[in-house]
Amino acid sequence: MTTGSASSHGLASQPSGPSDLPRHIGIIMDGNGRWATGHGMPRAIGHERGVEALRRTVKAAQKLGLEFLTVYSFSTENWRRPVSEVSALFALLKTFVKQDLERLKREGVRISVFGTREGLPEDILALLDKAVSETAHNSAFNLGIAFNYGGREEIARAARRLALDVADGKLQADDIDEATIGRALDTHAFPDPDVIIRTGEEHRLSNFLIWQAAYSELIFLNVLWPDFGELDLIRAIQTFASRERRFGGLKSGAA
Ligand code: FPP
């Protein structure tokens, strides 16, 4: 496990500017299973430790002054895992909401959930709805939980919604542009992620925020998710601050 504060690791002494601190970080929390296997434990324990890492990360993100954090908790592809593992992940979500919701409410955290309701059991849907509705008035920090989420599914669902609006005469097909699509996505209230961090040594997006990540800085870490901590987050933010974002334009001073 890693520890450390922003000031003790030099983040506070970095030049501050609008582009230094990302507003929105997305995290693909990968490596729970390998962490558990490596420690001679069942995979479910790796996911439990993953929830602890999530708690640490939310706390660190609040402390460092981020505004938005989105975590990939359960993908539409994760249904391919054994039923026992899917149940263990659902049980962890339940425990997380039951144990952490009151504290998150007190801390002013607003929870948003991204993904499809299709296939999710009623008790999980009820808990997710509760977390969203009971934090809807908060604004100190935004936590997005991508649960039963897949980027292509989200885009397809948005396309269906827009097609219905066109069929109903509420929208002209010619008026559909990038902004219209962005507003139809689950993440419409979040800015695009400045950074996507993936732990666990794989170098891909795995269907996470694929529309929104068009210009995100991608940071792949060799740390397994249960070992992720504040220092790793600080280092990722420092890496982000050292990169030049051009959004398709030219390097500054090149024109
Ligand atoms: C990937 O590790 C991780 C997941 C599929 C689930 C992530 C879930 C959590 C951290 C906890 C649940 C979240 C909430 C909000 C309660 P992996 O199992 O694919 O690891 P591996 O690649 O080493 O097998």
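Given the structure is predicted, the values throughout are model-derived calculations rather than measurements.

(A) Structural context of the packing of aromatic side chains. In this structure the tally under the stated criterion is 11 aromatic pairs. Ring geometry for tyrosine 72 versus tyrosine 149: centroids 6.0 Å apart, planes at 80°, classification edge-to-face. Of this pair, tyrosine 72 sits in strand β2 (residues 68–75) while tyrosine 149 sits in strand β4 (residues 141–149), placing them 77 residues apart in sequence. Ring centres of phenylalanine 74 and tryptophan 79 lie 5.4 Å apart, and the angle between their planes is 90°; on these two criteria the pair is classed as edge-to-face. By relative accessible area, which is 36% here, tryptophan 79 ends up partly exposed.

(B) Geometry of the site of the ligand. In the vicinity of the ligand there are 19 residues, among which Met29, Gly33, Arg34, Arg43 and Arg81 approach most closely. At 3.1 Å, a side-chain N or O of aspartate 30 approaches an oxygen atom of the ligand. The separation between an oxygen atom of the ligand and a polar side-chain atom of arginine 43 is 2.9 Å. Compared with its free state, where it exposes 630 Å², the ligand has 92% of that area covered by protein. Taken together, the elements giving at least two residues each to the shell around the ligand come down to α1 (32–38), α2 (43–64) and α3 (83–106). The element that contributes the greatest number of residues to the shell around the ligand is α2, accounting for five residues.

(C) Spotlight on the packing of α3 against helix α4 (residues 122–134). The geometry of α3 relative to α4 is characterised by a closest axis approach of 10 Å and an angle of 20° between their N-to-C directions. On the basis of the axis angle, α3 is roughly parallel to α4. The interaxial crossing formed by α3 with α4 has left-handed handedness. Judged by residue contacts, Phe90, Leu93, Lys94, Val97, Lys98, Leu101, Glu102 and Lys105 of α3 engage Asp123, Ile124, Leu127, Leu128, Lys130, Ala131 and Glu134 from α4. Among the residues forming the contact of α3 with α4, the class breakdown is eight nonpolar, no polar and seven charged.

Parameters at a glance
Residues numbered from 1 in each chain as written. Predicted model: local features only at pLDDT ≥ 70, side-chain atom pairs only at ≥ 80, totals over all residues. Heavy atoms only, no water. Phe/Tyr/Trp six-rings, centres within 6.5 Å; stacked < 30°, edge-to-face > 60°. Helix = DSSP H or I, 4+ residues; strand = E, 2+ residues; numbered from the N terminus. Buried < 20%, exposed > 50% of the residue type's maximum accessible area, 1.4 Å probe, protein only. Near = heavy atom within 4 Å. Polar contact = N/O pair within 3.5 Å; in protein donor to acceptor, adjacent residues only side chain to side chain. Areas by Shrake-Rupley, 256 points an atom, 1.4 Å probe, with all protein chains shown as cover. Axes fitted to C-alpha atoms, helices over the stretch in contact; angles between N-to-C directions. Parallel < 35°, antiparallel > 145°, perpendicular 65-115°, else oblique. Left-handed = near helix turned anticlockwise from the far one by under 90°. Contact = heavy atoms within 4.5 Å. Nonpolar A, V, L, I, M, F, W, Y, C, P; charged D, E, K, R; others polar.

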